[in-house]
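So the chains spell out like this:
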Amino acid sequence: MTNNVALNIEYWACQEGDNALLEPVGMPEFIEDLEQNYVARVHGRPADLGGGLYEFAVQVIASISINDVVKLISDGVAFDLLKLGAKSFIFRPLLEAFRKLKSGAKDTAVDIHEIRFIFKDAEIIVSRIPGTSVYECLEGIFKTLVVNYSTLKANGNEPPYEIHVPVFEDPSGEVCRFRQLLDVDETIQDADQASYFKLWGVRYDFDRAVRVYDLPRRILIDSTYLTVDEYWKAWDETRKASRNLGPGL
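Computed from a predicted model, the values in this text were never measured in an experiment.

A. Examining the overall build of the protein more closely. Counting its regular elements, the protein contains five helices and 14 strands. Its C-alpha atoms give the protein a radius of gyration of 20 Å, within 12% of the compact-globule value 18 Å for 249 residues. Along the first, second and third principal axes, the C-alpha atoms of the protein reach 65 × 50 × 30 Å. For the protein, buried positions account for 44% of its 249 residues. Nonlocal contacts in the protein, meaning residues at least 24 apart in sequence, comprise 67% of its contacts between residues at least 6 apart.

B. The packing of aromatic side chains, seen in detail. One pass over the full model with this rule turns up 17 aromatic pairs. Where phenylalanine 89 meets phenylalanine 142, the ring centres are 6.1 Å apart and the plane angle is 40°; that geometry is what we call tilted. With phenylalanine 89 in strand β6 (residues 87–90) and phenylalanine 142 in helix α4 (residues 134–148), the pair connects residues that are 53 residues apart, well separated along the chain. Comparing phenylalanine 89 with phenylalanine 142 shows no difference in burial state: the two are buried. When the centroid spacing of 5.1 Å and the interplanar angle of 85° are considered together, the rings of phenylalanine 117 and phenylalanine 142 count as edge-to-face. Here phenylalanine 142 lies in helix α4 and phenylalanine 117 lies in strand β7 (residues 111–118), a separation of 25 residues in the sequence. Overall, phenylalanine 117 belongs to the buried group, its relative accessible area being 1%. Judged by relative accessible area, which is 2%, phenylalanine 142 ranks as buried. Through a chain of ring-to-ring contacts, the aromatic side chains of Phe79, Phe89, Phe91, Phe117, Phe119 and Phe142 assemble into a single cluster.

C. Expanded view of α4. Over its 15 residues, α4 runs 20 Å from end to end, which matches the ideal 21 Å to within 8%, given 1.5 Å per residue. Taken as a whole, α4 carries its principal kink of about 25° at glycine 140. When α4 is considered as a whole, its buried residues turn out to be Val134, Tyr135, Cys137, Leu138, Ile141, Phe142, Thr144, Leu145, Val146 and Asn148.

D. Up close: the environment of isoleucine 112. Its location among the elements puts isoleucine 112 in strand β7. In this structure the C-alpha to C-alpha distance between isoleucine 112 and serine 127, which are 15 residues apart in sequence, comes to 8.3 Å. Sequence-distant contacts of isoleucine 112, that is, excluding residues within four places in its chain, are made with Phe56, Val58, Phe98, Arg128, Val134 and Tyr135.

E. View of the pairing of strand β4 (residues 55–62). Of the two faces of β4, the one lined by Phe56, Val58, Val60 and Ala62 is fully buried and the one lined by Glu55, Ala57, Gln59 and Ile61 carries no buried residue. Relative to β4, strand β1 (residues 5–16) runs antiparallel, the two sharing six bridges. Looking across to β4, one finds that alanine 6 is bridged to isoleucine 61. Bridge count for β4 against β7 is seven bridges, and the pairing is parallel. The residue bridging isoleucine 61 from the neighbouring strand is isoleucine 118, located in β7.

F. The arrangement of the nonpolar core in detail. Formed by 65 residues in total, the largest nonpolar core has its most connected members in Phe89 and Phe117. No other element matches the eight residues that α4 contributes to this core. For phenylalanine 89, the contacting residues outside a window of four places in its chain are Val5, Val60, Ala62, Ile64, Phe79, Asp80, Leu81, Leu82, Phe117, Phe119 and Phe142.

G. Inspection of the side chain of aspartate 214 at higher detail. Looking at the element boundaries, aspartate 214 is found in strand β13 (residues 209–214). Beyond its immediate sequence surroundings of up to four residues, aspartate 214 is in contact with Lys198, Leu199, Ile219 and Ile221.

H. Focus on the pattern of salt bridges. For the coordinates displayed, the defined rule picks out 16 salt bridges. Between lysine 102 and aspartate 111 there is a salt bridge whose closest N-O contact spans 3.6 Å. For aspartate 111, a relative accessible area of 7% translates into the label buried. Ionic contacts of the salt-bridge type, sharing partners, join the residues Lys102, Asp111 and Arg128 into one network.

Conventions used here
- Residues numbered from 1 in each chain as written.
- Predicted model: local features only at pLDDT ≥ 70, side-chain atom pairs only at ≥ 80, totals over all residues.
- Heavy atoms only, no water.
- Helix = DSSP H or I, 4+ residues; strand = E, 2+ residues; numbered from the N terminus.
- Rg over C-alpha atoms; globule rule 2.2 N^0.38 Å.
- Buried < 20%, exposed > 50% of the residue type's maximum accessible area, 1.4 Å probe, protein only.
- Contact = heavy atoms within 4.5 Å.
- Phe/Tyr/Trp six-rings, centres within 6.5 Å; stacked < 30°, edge-to-face > 60°.
- Expected span 1.5 Å × (residues − 1).
- Bend = angle between axes of the 7 residues up to and from the residue.
- Pairing = 2+ DSSP bridges.
- Core = buried A, V, L, I, M, F, W, Y, C linked by side-chain atoms within 4.5 Å.
- Salt bridge = Lys/Arg side-chain N within 4 Å of Asp/Glu carboxyl O.

And the structure:
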């Protein structure tokens, strides 16, 4: 194994018996394929029947910088086979292993719920939009990053430390203007594959700023956004404040 990329994959699965999981068909082969190419940890946890089963949360840890990624892709290198000296971002084996698992596990809705790329200088977090597949959109997302990277910089200077793909404008605006899609009680109904390429959330360390990036217009919007966890915390605080005001106030 010459690939210096590490993987951490977690998911929820149906419990079978006292201490076993009902795994998708092909799961042992999937793990074996990963271990041939990466330092890989794949860990399933028991859960009851319901939403979220067999949706993978994937962390990809690479020893290459996002700046290097942008440069290599702009030079024409395939986004999933990047190599710079002793450093690399060899991502194709994971994609091939996942496609193989997904095609073989026809009776189980295997998918990627979130994939987090942890580079030396920044992180990219891609969250699944219902009705789409994250892994099918990753090449387009990275190529879009290359085209927009220079305009993603705060004050034209500082590149973002975190990029959340995608975020959405909340039509109600009750808690915030922009946010990620929610896991439950979602009111945004028009999200589709094109939404991966409309609005991104970006965060900056030195500028201490949180902004929304409008991809079609290639501009930073002077407005914050909330992650799922931040949204529910703000929602709870809004409800508590409303109750404290009392009826009729």
